[in-house]
Amino acid sequence: MARLLHPDGTNETVTPKDGKRFSLDELQGLVEGYIELVPGEHSDAYDVVVNEEGLLKELPFNLAGSLLAPGHHLVGNVLILDGGERLE
């Protein structure tokens, strides 16, 4: 299951509309913009998807997301994909 981490510290479980894989439109909707794949601490286990223009748009800092991707200052919504939702 995928987790959507919000900058305010809340999070929610999200699932693809087709039940298998997220479409590009779905990913962009969840992170509210163009997507960027960021290496996670355990990149072999999950993918971290963020808004590519988040820093330019001055989106709020996302502490929980940043902890999953050490060395990265993540902002805005952060989507954690694992299992069957991972990007190929």
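Up top is the structure these notes are about.
Residues numbered from 1 in each chain as written. Predicted model: local features only at pLDDT ≥ 70, side-chain atom pairs only at ≥ 80, totals over all residues. Heavy atoms only, no water.

Focus on unusual backbone geometry
Notably, Glu-32 is not glycine yet its phi reads approximately 60 degrees, a positive angle. The topology assignment puts Glu-32 in the loop between α1 (24-31) and β3 (35-38). Looking at Glu-32, the relative accessible area reads 53%, which means it is exposed. (Helix = DSSP H or I, 4+ residues; strand = E, 2+ residues; numbered from the N terminus. Buried < 20%, exposed > 50% of the residue type's maximum accessible area, 1.4 Å probe, protein only.)

As for the side chain of Glu-26
Looking at where Glu-26 falls in the secondary structure, it is placed in helix α1. Buried charge Glu-26 goes without a salt bridge, the closest partner of opposite sign being Lys-17 at 5.2 Å. Here the side chain of Glu-26 touches Lys-17 through a polar contact of 2.7 Å, landing on its backbone nitrogen. With near-sequence residues (within four places) excluded, Glu-26 lies in contact with Thr-15, Pro-16, Lys-17 and Arg-21. (Lys, Arg positive; Asp, Glu negative; His and termini not counted. Salt bridge = Lys/Arg side-chain N within 4 Å of Asp/Glu carboxyl O. Polar contact = N/O pair within 3.5 Å; in protein donor to acceptor, adjacent residues only side chain to side chain. Contact = heavy atoms within 4.5 Å.)

Topic: the pairing of strand β5 (residues 78-82)
For β5, the tally of buried residues reaches 4 of 5 residues, placing the bulk of the element in the interior. Summarising the sheet, strand β4 (residues 46-51) and β5 pair through 4 bridges and their orientation is antiparallel. Along β5, the bridge assignment pairs Val-48 with Ile-80. (Pairing = 2+ DSSP bridges.)

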